[in-house]
Amino acid sequence: MAHVELSLSEAFVPAARASTEPESGNVGQWSSTVSRADEPCLLIDADTRVVAISTAGCELLCLGEPGGLIGRPLLDGGLRLLDFTANRGVLTEAEIDKIPPLLALSSGRLARGLLRVQAASANSSDATVDAISTPVLTDGAVAGSLTFFSEV
């Protein structure tokens, strides 16, 4: 017959959660992670302002330095998106609303799609990137979106 011995120890109590003040909310917590990430990623708030972007994200999207984008609206920060036609036309407002970072904000759901990014210089070719976005919630409401990019 097997022998089972039971011992009791003090209960494990997890550390207190981080402050719920606005500056340390969910978007704020993701901000520091995105800023330090090696992967190309972007965090925007509910007003589409850039909260954080990785250096790799800036390089992939032809956006310059991260510091120059923080606080600016995503589409006013130099992001030049083109359609996939042979004419390489600039996206219309209706098309822009469907890009993954903005679609995740408006739908509150995961969004994925391809983006054609205009090269920063005439000597470079345009980049095609796969974007996967998720809404970032604060108290159950969409407070921003987090997007990861991969060159195609």
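Predicted model, so just to flag it, every value in this text is computed and none were measured. Each chain has its residues counted from 1, following the order in which its sequence is written. With pLDDT at 70 or above as the cut-off, local features in this predicted model cover only qualifying residues; side-chain atom pairs require 80 or more to be listed or tallied, and sums for whole chains, interfaces and linings still use all residues. The side-chain figures draw on all heavy atoms in the structure; neither hydrogens nor water molecules are used.

Caption draft 1: Quick peek at the overall build of the protein chain. The secondary structure listing takes helices from DSSP runs of H or I that are at least 4 residues long and strands from runs of E that are at least 2 residues long, numbered from the N terminus. Scanning the protein chain from terminus to terminus reveals 4 helices and 6 strands. Sequence-distant contacts in the protein chain: of pairs separated by 6 or more residues, those separated by 24 or more amount to 43%. Contacts are assigned to residue pairs with any non-hydrogen atoms lying within 4.5 Å of each other.

Caption draft 2: A look at the sheet that holds strand E5 (residues 127-138). By definition, two strands form a pair when at least two bridges between them are found by DSSP. Spatially, the 6 strands line up as an open sheet ordered E2-E1-E6-E5-E4-E3, and their pairing is antiparallel. Two strands bound the open sheet, and with one partner strand each, they are strand E2 (50-53) and strand E3 (81-82). Sheet topology note: the E5/strand E6 (residues 141-151) ladder contains 10 bridges and is antiparallel. Residue Thr 134 lies in a different strand from E6, and its bridge partner there is Leu 146. Against the sheet, helix H1 (residues 26-36) engages strand E1 (41-45), E2, E5 and E6, with an angle of about 35° to E2. Note on geometry: axes are C-alpha line fits, over the in-contact stretch for helices, and angles between N-to-C directions span 0 to 180 degrees. Relative to the sheet, helix H4 (residues 100-107) contacts E1, strand E4 (111-117), E5 and E6, its axis offset from that of E6 by approximately 155°.

Caption draft 3: Fine view of unusual backbone geometry. The phi torsion at Thr 48 lies on the positive side, around 65°, for a residue other than glycine. Position of Thr 48 among the secondary structure elements: in the loop between E1 and E2. The phi dihedral of Arg 88 falls on the positive side, at around 55°, and the residue is not glycine. Mapped onto the fold, Arg 88 is located in the loop between E3 and helix H3 (93-96). In this scheme, a residue with accessible area under 20% of its type's maximum is buried, one over 50% is exposed, and one in between is partly exposed, where area comes from a 1.4 Å probe on protein chains only. Exposure remark for Arg 88: the relative accessible area of 34% places this residue in the partly exposed category.

Caption draft 4: Quick peek at H1. Of all the positions in H1, only Val 27, Ser 31 and Val 34 are classed as buried. Axial view of H1: buried residues confined to an arc of 80°, hence all on one face. Check the buried side of H1 and you find it contacts E1, E2, E5 and E6. Think of it as the arc spanned by the lines of direction from the helix axis to the C-beta atoms.

Caption draft 5: Spatial organisation of a nonpolar patch on the surface. Patch definition: residues above 30% relative accessible area lacking any salt bridge, with like charges linked at up to 9 Å and the nonpolar side chains Val, Leu, Ile, Met, Phe, Trp and Tyr linked at up to 5 Å. For every accessible area listed, the method is Shrake-Rupley and the probe measures 1.4 Å; residues are considered covered only by the protein chains on display. Just to be clear on terms, a salt bridge is a Lys or Arg side-chain nitrogen sitting within 4 Å of an Asp or Glu carboxyl oxygen. Taken together, the side chains of Phe 84, Leu 114 and Val 152 present a nonpolar region at the surface, about 320 Å² in accessible area. A residue is classified by how much of its surface remains accessible, and Leu 114, at 46% relative accessible area, is partly exposed.

Caption draft 6: Summary view of H4. Every buried residue of H4 is accounted for by Pro 100, Pro 101, Leu 102, Ala 104 and Leu 105. Residues of H4 that are buried make contact with E1, H3, E4, E5 and E6. Of the residues trailing H4, Gly 108 is marked for its positive phi of about 70°.

Caption draft 7: The arrangement of the pairing of E5 in detail. Where E4 lies against E5, 7 bridges are found, and the strand directions are antiparallel. Bridging across to E5, Leu 114 finds its partner in Asp 130. In sequence, E5 turns back onto E6 through a hairpin of 2 residues, with Asp 139 there showing a positive phi of about 55°.

Caption draft 8: Structural context of the environment of Pro 101. Tracing the backbone through its elements, the reader meets Pro 101 in helix H4. According to the relative accessible area criterion, Pro 101 is buried, its value standing at 2%. Put simply, Pro 101 and Gly 113 are 12 residues apart on the chain and 9.7 Å apart in space, counted from C-alpha to C-alpha. Among residues more than four places away in sequence, those in contact with Pro 101 are Ile 44, Leu 74, Ser 133, Ser 145 and Thr 147.

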